[in-house]
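Understanding the architecture of this molecule
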Amino acid sequence: MNEKQIAGIKKLATAAQNGMQKPAIRRILKILQWFLTLLVFFYLIHRVGQIGWTEIRHELPAEPLFYALFFIIYLCQPTSELFIYKMIWKVKLWRCFPVFIRKKIFNTGVMGYSGEAYLCFWAIPRLGLSQKEIFSTVKDNNILSALTSNSMTVFLLALFFLTGQLKIITNADPSVTSYLLLAAVITLILVPVVIRFRRHILALPMTIVGKVLMVHITRLFLVLALQILQWSIVLPEVPATTWILLITAQMVLTRIPFLPNSELVFLGLCLSMTGFVDAPEARVAGMFVAAGALGQGLNLILYVLTSFGNFSPAPLSRPT
């Protein structure tokens, strides 16, 4: 990639950013976001009505460990990102943990990547770093996160394609096929481009890049194991491969840019697949509805609780 091509990419990115800042464009995106969220919401009501509200209510998980694991899984991403940004920004962020909770809420409960915008606007007046440095480090972490999760997603997709199990998802919801193809294409482009032009794309030192990748990889495997354990507690008769397939679909959805309320979209996909899970349909739906309601409820409660406080970090010794 020569200097002319890099300058062209930067010019396109600047033009896109300027376009997103126009009031008319922002209003259209806001309307589209609410429309898609309402569409998913009404689909969920319709699907739950098909299975039966009473049946699902009676089949809600009663195991306390199911709810304990849900909370642990919920905290995995903000905890890992706190470690990452503490390492990148060289500031003590422990008392700023609510900021990373809010970042997760914005990304999963509002719209993809809105959490990154919130984090940048929070960090600029508090860290004593330049806007360029903050935006650059957030961008680098996003690229490395996408690189890790997309690579794992494509690996799992290829594995399920070769074993013929990928049809379970595509038959349940044909629209997911386009998301799967998009994730595969993005990964096949992203991985070689980042590796080949890493010094042009990433501003972080390679030693930090390696540490950040290790945090993301550890989080992915930890969440994968905890999620399988959580669902297996309620439905031990279902094979682990079925749960891994669902987690793969969830990982695809989380990588779609600007997707409104990815948790509700994933819940809709899960309810579409209840007939393909080898267990009573109402019991499967009850588990997913409970998890979906917990996610939305926890988002609301934690958003309110984290609205109070300054959450300013304490600086570590930074190199001069």
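As a reminder, the structure under discussion sits directly above these lines.
The model shown is predicted, which means the values in this text are computed figures rather than measured ones.

Counting through the fold element by element, Met 87 comes out in helix H4 (residues 64–89). Along the chain, Met 87 and Ile 208 lie 121 residues apart, while their C-alpha atoms are 7.9 Å from each other. Setting aside anything within four residues of it in sequence, one finds Met 87 in contact with Ile 208, Lys 211 and Val 212.

For Glu 81, the position within the fold is in helix H4. Take Glu 81: its relative accessible area is 5%, and that puts it in the buried class. In contact with Glu 81, not counting residues within four places along its chain, are Phe 100, Lys 103 and Asn 141.

Another aspect to go through is the side chain of Glu 116. Examined against the element boundaries, Glu 116 turns out to sit in helix H6 (residues 114–123). Among the residues examined, Glu 116 registers a relative accessible area of 8% and is labelled buried. Side-chain polar atoms of Glu 116 contact the side chain of Asn 107, separated by 3.2 Å. Excluding residues that lie within four positions of it along the chain, Glu 116 makes contacts with Lys 103, Asn 107, Val 138 and Asn 142.

Criteria and thresholds
Residues numbered from 1 in each chain as written. Predicted model: local features only at pLDDT ≥ 70, side-chain atom pairs only at ≥ 80, totals over all residues. Heavy atoms only, no water. Helix = DSSP H or I, 4+ residues; strand = E, 2+ residues; numbered from the N terminus. Contact = heavy atoms within 4.5 Å. Buried < 20%, exposed > 50% of the residue type's maximum accessible area, 1.4 Å probe, protein only. Polar contact = N/O pair within 3.5 Å; in protein donor to acceptor, adjacent residues only side chain to side chain.

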